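Here is how the chains run, residue by residue.
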Amino acid sequence: MDFMLDKYRDLCAASASSSRECLTVAEYLASGSSNRSRRTLILRHDVDRFPKQALETARIESEYGLRATYYFRVPGTLVPELIREIAGMGHEVGLHYESVDKARGEMAEAVSSFEGDLGRLRAVVPVSTVAMHGNPATPFDNRDLWNSCGLEDYQLTGEAYLSIDFGSVLYYSDTGRNWLEDVFNIKDTIPVPVEKKPDRPVCDHTDDIIDVVRDHESDIYILTHPERWRSTTIEWALSAMADTAVNYIKICFQILHRRRNHTPDVVA
Ligand SMILES: [Zn+2]
């Protein structure tokens, strides 16, 4: 069944047996395209809720010799012992920041909030990259933080959306409980013009992603939310119901935000 941990294990097994080099976000940014001789795989996880599920995926990846990048919310999923355990397996840990949301768009306050959250996570583990959290309930884009400060101000080497050249990787995300760029994928959008997006196979199920990892020549960047990947049928059913409800709430918020901005009610 899709979005079960056994299916994630299949993805890890296929990744490990492929000729791909699995790099963390920080390693990918540090390596530079000219230094990469093999096809690359980036596994990124945004830990929005249920941090114990991140431990599950981290352990599976570790079994297969894979290292991923885990972004934690502060304070939402900041569980120091668990985060240290994940980092101890060799995974990268970063901040899943939501500072503009927290400050309701007040940028000076957002910068201050970001500094505080980064400091709290760095008290647990070293942090060199960050990724924005996309909350459909707010009208803000947390990436706007970088109009008021720079990554270098905080000795950061990358932002998981803004620092990657999405013209040179195939990006797939499980946002919306599928692998499609559809109406449920509102804020998890990549900053690259449509004409520069690489041609990529359409993937509906994780089995399709596995085929791409195995066979496609391009570098691949996969985002998952560990809370979605479950080990029992009951947990899976509860997660599926929650995702379905959230998807329709997203549509409602999108319509609301568009009305506030006096833009047409077109969901796309
Ligand atoms: Zn998130």
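Preceding block: the structure.
Just so you know, these numbers come straight off a predicted model, no measurement behind them.

Draft legend 1. The arrangement of the overall build of the protein in detail. Helix and strand content of the protein: eight helices and eight strands. Taken over 268 residues, the protein has a buried fraction of 51%. Across the protein, every contact between residues at least 6 apart in sequence was considered, and the portion connecting residues at least 24 apart equals 73%. Carbon and sulfur atoms make up 53% of the accessible area of the protein, which totals about 12,200 Å².

Draft legend 2. Quick look at the pattern of salt bridges. Applying the stated criterion across every chain, the model contains 15 salt bridges. We note a salt bridge from glutamate 85 to arginine 59, for which the minimum N-O separation is 3.0 Å. In this pair, glutamate 85 is assigned in helix 4 (residues 80-88) and arginine 59 in helix 3 (residues 51-63), connecting sequence segments 26 residues apart. Between arginine 228 and aspartate 174 there is a salt bridge, with the nearest N and O atoms lying 3.3 Å from each other. Within this pair, whereas arginine 228 is found in the loop between strand 8 (219-224) and helix 8 (233-260), its partner aspartate 174 is found in the loop between strand 7 (169-173) and helix 7 (206-215), the two being separated by 54 residues in sequence. Taking relative accessible area as the criterion, arginine 228 reaches 7% and is therefore assigned buried. Several salt bridges share partner residues, and in doing so they unite Asp174, Arg177, Arg228 and Asp243 into one network.

Draft legend 3. Expanded view of the coordination of the zinc ion. Protein-derived coordination of the zinc ion comes from Asp48 (OD), His96 (NE2) and His133 (ND1), at a distance range of 2.1 Å. Along the chain, the residues that donate to the zinc ion are spaced as D-x47-H-x36-H. With aspartate 48 in the loop between strand 2 (40-47) and helix 3 and histidine 133 in the loop between strand 5 (129-132) and strand 6 (158-159), the pair connects residues that are 85 residues apart, well separated along the chain. For the pair formed by aspartate 48 and histidine 133, the shared burial category is buried.

Draft legend 4. Looking closely at the packing of aromatic side chains. On inspection of all chains with the given rule, the structure shows 11 aromatic pairs. Both rings, one in tyrosine 97 and one in phenylalanine 114, keep their centres 5.6 Å apart while their planes meet at 90°; by these two values the pair is edge-to-face. Of the two residues, tyrosine 97 sits in strand 4 (residues 92-97) while phenylalanine 114 sits in helix 6 (residues 107-122), which places them 17 residues apart along the sequence. Comparing tyrosine 97 with phenylalanine 114 shows no difference in burial state: the two are buried. Ring geometry for tyrosine 171 versus tyrosine 221: centroids 5.1 Å apart, planes at 70°, classification edge-to-face. With a gap of 50 residues between them, tyrosine 171 in strand 7 and tyrosine 221 in strand 8 connect regions that are remote in the sequence. Pairwise contacts between aromatic rings join Phe3, Tyr8, Trp179 and Trp229 into one cluster. Directly above the ring of tyrosine 161 sits arginine 143, whose terminal nitrogen or CZ lies 4.8 Å from the centroid. Over the aromatic face of phenylalanine 50 sits the side chain of arginine 230, whose NZ or CZ is 4.9 Å from the ring centroid.

Cut-offs used in this document
- Residues numbered from 1 in each chain as written.
- Predicted model: local features only at pLDDT ≥ 70, side-chain atom pairs only at ≥ 80, totals over all residues.
- Heavy atoms only, no water.
- Helix = DSSP H or I, 4+ residues; strand = E, 2+ residues; numbered from the N terminus.
- Buried < 20%, exposed > 50% of the residue type's maximum accessible area, 1.4 Å probe, protein only.
- Contact = heavy atoms within 4.5 Å.
- Areas by Shrake-Rupley, 256 points an atom, 1.4 Å probe, with all protein chains shown as cover.
- Salt bridge = Lys/Arg side-chain N within 4 Å of Asp/Glu carboxyl O.
- Donors = N, O, S within 2.8 Å, 3.2 Å for Na, K, Ca; no water.
- Phe/Tyr/Trp six-rings, centres within 6.5 Å; stacked < 30°, edge-to-face > 60°.
- Lys NZ or Arg CZ within 6 Å of the ring centre and 35° of its normal.

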